[in-house]
Amino acid sequence: MTIRKYKLLALDMDGTLLNDNHEITLETIKWINKAMDEGIHVCLSTGRAAHSAMPYAEQLGLDTPMVTVNGSEVWKAPHELHRRTLVDPDLIRQMYELAIEKDVWFWAYTVNGLHNRDNWLEEGTDLTSIEWLKFGYNTENDELRYQILMALQDMGGLEISNSSPHNLEINPLGINKAAGINEVCQLLNIDMSEVVAVGDSLNDLAVIQAVGLGVAMGNAQEPVKESADLVVGSNNDDGIVEVIRDYILI
C-alpha cells in the first residue's frame, strides 16, 4: 500500500459532506470508499449530536473515531464514547435568560436529546440534573446577534462559533473540533500534520487552521475561505471528491 502524506480526512457534515438536501451524493460516497480502501481514515467532525450523525457514519461504513457536538464528544468508534465534556449548568441558565431577554430562537443539546424555545424544560426543573452539551441561538437580525455575541463574551468560559451565518453555537471554552480531532489523532497514533480537514463554517475554523491541509468548501463563509489552505467546489458540486482525488490519493 502506498505511503501517503495524509492519513486522516476529517469531514464536517452540513454544508460540506452533505448537499443542500442533506444527502451524500453517490459520487462522494464512491470517492470516500476509494480513500478508505487506500487506508485513509475518514472521520465525521460535526456540530450535530451523535444520534443525528450516526446514520451517515453507518451509510459510509465508518468504524473510525468521530467528533460530535463541535468537540463536546469524541467517539473511539460509532457508539463507543471516548470523552464527553459538559457545559456548566449555571452558564446554561445565563444563556437561556439571555435568549428570553432578546426574544430569539434558541436550542440546547443534552446527552439525552434536544430542547428549544418550543419545548424547553418545565418550570422548576433543576438544570444541574441535566448533562448539557451545547447551547445555540438563531436570528437573521445581525444587530441582535451581535448583541448576543457581546453578552456571551462577557460571560467568559465559552467557546463561541457558528454553523451558519445566522446562528451562534456555544461549547465550553477550549472545546472545539480542533481539540476533538487532536484526540482522534492520538487514538489513531497519527500527527495533526497528517490530517486534511474540510468545512464551511466558523465551527470548522480552528481545525482548518490546526491540521496539515485545511480546506474550505466553495460555499464556506468568507473567514473560513481566508484561513484555509485551499478552496474546493461547493457541497452541491462534490467538493469532497476534489479533495480526495486531487490532494489525498495522489
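Here's what I pulled together on the structure shown here.

### Examining the side chain of Q221
- Along the chain, Q221 turns up in the loop between β12 (213-216) and α7 (222-227).
- For Q221, a relative accessible area of 13% gives the class buried.
- When neighbours within four sequence positions are excluded, Q221 is seen to be in contact with N162, S163, S164, P165, D200, S201 and L202.

### Considerations on the packing of aromatic side chains
- Tallying each qualifying case throughout the model produces seven aromatic pairs.
- When the ring of Y96 is compared with that of F106, the centres are 5.6 Å apart and the planes differ by 75 degrees; the resulting orientation is edge-to-face. In this pair, Y96 sits in helix α3 (residues 89-102) while F106 sits in strand β6 (residues 105-110), placing the two residues 10 residues apart along the sequence.
- By relative accessible area, Y96 is classed as partly exposed at 26%.
- Take F106: its relative accessible area is 1%, and that puts it in the buried class.
- Ring geometry for F106 versus F135: centroids 5.9 Å apart, planes at 5 degrees, classification stacked. Highlighted residues: F106 in strand β6 and F135 in strand β8 (residues 132-138), separated in sequence by 29 residues.

### Describing the sheet that holds strand β11 (residues 195-199)
- If you trace the five strands from one edge of the open sheet to the other, you get β2-β1-β11-β12-β13, paired in parallel fashion. Edge positions in the open sheet fall to β2 (41-44) and β13 (230-231), since each of these has one partner strand only.
- As paired strands, β12 and β13 are joined by two bridges and run parallel to one another. Note on β13: the bridge partner recorded for A216 is V231.

### Overview of the nonpolar core
- Residues L9, L17, V196, V198 and I244 are the most contacted members of the largest nonpolar core, which totals 36 residues.
- Going through the elements one at a time, β1 (8-11), α1 (26-37), β2, α2 (50-60), β11, β12 and α8 (239-248) are the ones with two or more residues in this core.
- With six residues, the single largest contributor to this core is α2.
- Residues in contact with V198, not counting those within four places in the same chain, are L9, A10, L11, D12, T16, D204, V215, M217, I240 and V243.
- Membership of the second largest hydrophobic core comes to 22 residues, among which are F106, A108, Y137 and L144.

### A closer look at the pattern of salt bridges
- What the rule picks out here adds up to 16 salt bridges.
- A salt bridge links R83 to E183, with the nearest nitrogen and oxygen atoms 2.5 Å apart. Taken together, the residues span a long stretch of sequence, with R83 in strand β5 (residues 80-84) and E183 in helix α5 (residues 177-188) at a distance of 100 residues. The two residues R83 and E183 agree in class, both being buried.

Parameters and conventions
- Residues numbered from 1 in each chain as written.
- Predicted model: local features only at pLDDT ≥ 70, side-chain atom pairs only at ≥ 80, totals over all residues.
- Heavy atoms only, no water.
- Helix = DSSP H or I, 4+ residues; strand = E, 2+ residues; numbered from the N terminus.
- Buried < 20%, exposed > 50% of the residue type's maximum accessible area, 1.4 Å probe, protein only.
- Contact = heavy atoms within 4.5 Å.
- Phe/Tyr/Trp six-rings, centres within 6.5 Å; stacked < 30°, edge-to-face > 60°.
- Pairing = 2+ DSSP bridges.
- Core = buried A, V, L, I, M, F, W, Y, C linked by side-chain atoms within 4.5 Å.
- Salt bridge = Lys/Arg side-chain N within 4 Å of Asp/Glu carboxyl O.

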